[in-house]
Amino acid sequence: MNIRATLLAEFLGTAFLLMTIVGSGIMGEALAGGQVGAALLPHAIAIGAMLFVLITLFGPVSGAHFNPAVTLVFLIRREIAPATAVMYIAIQIAAAIVGTLLAHLMFDLDIAQVSEKARHGPGQWAAEVIATFGLVMVILGGLRSAPYLIPIMVGAYICAALWFTASTSFANPAVTVARALTNTFSGIQPQDVLPFLLAQVTGAVLAIPVANMVWRTPEE
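Residues numbered from 1 in each chain as written. Predicted model: local features only at pLDDT ≥ 70, side-chain atom pairs only at ≥ 80, totals over all residues. Heavy atoms only, no water.

Enquirer: Where do I start with helix α1 (residues 3-31) in this structure?
Expert: Given 3.6 residues to a turn, an α-helix orients residues that are three or four positions apart in the same direction. With 29 residues, α1 should cover 42 Å at 1.5 Å per step; its first-to-last C-alpha distance of 41 Å lies within 8% of that length. Two or three places before R4, at the start of α1, stands the capping residue N2, its side-chain oxygen 3.1 Å from that residue's backbone nitrogen. Of the residues one or two after α1, G33 is the one with positive phi, at around 60°. (Helix = DSSP H or I, 4+ residues; strand = E, 2+ residues; numbered from the N terminus. Expected span 1.5 Å × (residues − 1). Polar contact = N/O pair within 3.5 Å; in protein donor to acceptor, adjacent residues only side chain to side chain.)

Enquirer: Before we go on, may I ask you to explain empty space enclosed by the protein in this structure?
Expert: By rolling a water-sized probe across the atoms, one finds the places where empty space is left. Per the stated rule, a full pass over the model turns up 1 cavity of 30 Å³ or more. Estimated volume of the largest cavity: approximately 40 Å³. Taken together, R77, L140, R144, A211, N212 and W215 make up the full set of residues lining the largest cavity. (1 Å grid on protein atoms, 1.4 Å probe; cavity = no way out; pocket = protein on both sides within 12 Å on 5 of 7 lines; lining within 4 Å. Points joined across faces, edges and corners; volume = space filled by probe spheres on them.)

Enquirer: I would appreciate a short explanation of the packing of aromatic side chains in the present structure.
Expert: For any pair of aromatic rings, geometry is given as the distance between the ring centres together with the angle between the planes. Scanning the model with the defined rule gives 3 aromatic pairs in all. Relative to F164, the ring of Y157 has its centre 6.3 Å away and its plane inclined at 75°; by these criteria the two rings are edge-to-face. Given a relative accessible area of 14%, Y157 falls into the buried group. Taking the centre distance of 5.1 Å and the plane angle of 70° together, the rings of F170 and F196 count as edge-to-face. One end of the pair, F170, is in the loop between α6 (150-164) and α7 (173-179); the other, F196, is in helix α8 (residues 193-214), with 26 residues separating them in the sequence. Like F196, F170 is buried. It is K117 that lies over the ring of F185; its NZ or CZ is 5.0 Å from the centre. The cationic tip of R179 hangs over the ring face of F170; the distance from NZ or CZ to the ring centre is 3.6 Å. (Phe/Tyr/Trp six-rings, centres within 6.5 Å; stacked < 30°, edge-to-face > 60°. Buried < 20%, exposed > 50% of the residue type's maximum accessible area, 1.4 Å probe, protein only. Lys NZ or Arg CZ within 6 Å of the ring centre and 35° of its normal.)

Enquirer: Could you clarify how one ought to interpret unusual backbone geometry in this entry?
Expert: Peptide bonds are mostly trans, and most non-glycine residues show a negative phi. Within the chain, A64 stands out as a residue other than glycine whose phi angle is a positive 55°. The topology assignment puts A64 in the loop between α2 (36-62) and α3 (68-76). According to the relative accessible area criterion, A64 is buried, its value standing at 9%. With a phi close to 55°, A171 is a non-glycine residue in the positive phi region. Relative to the elements of secondary structure, A171 occurs in the loop between α6 and α7.

Written out as structure tokens, the structure reads:
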């Protein structure tokens, strides 16, 4: 494994993911005339489409995690070395922040921002547990059932989860941290970040034994 190539792939993929999340939120809100649903639909489609592209491109290089929760799952499953996992997570968080700042730059907004958008409460936290649990199930199940379809499955799942979860499916600690730095459609106020992170880790870890029970091999 070429570690420089894998880390670069994780950086580029995560940065473009955040540019899509933040940028499509800014664009959607600007064009929606105050209608939240009208802003959310193109936002969801853009994110799902970009995930399909990024996972297809970078999956063969780095595994296309773009998400510390996903990296944690593969660490627990002993499919990635601890040192590599630490580097992945650091790169993902840094890239997410860079992607957010670049989205601000593209739309001529203040580069440095802090979100004022409240996202808290039992419903939001439950939504993040469920969203992340579902994402990890899609990935682990896809690896067993149809690896070649993982890009479209992940993209489609996130597109749907943006609509069926109360939190609009962050499902990604790096995304959550970065979105605290944008006071736009996609933001989350800093004091709401930690409960989201705990919910995401909980959902990811819970998915591991469930996936193992569902997709057992004959010898298991």
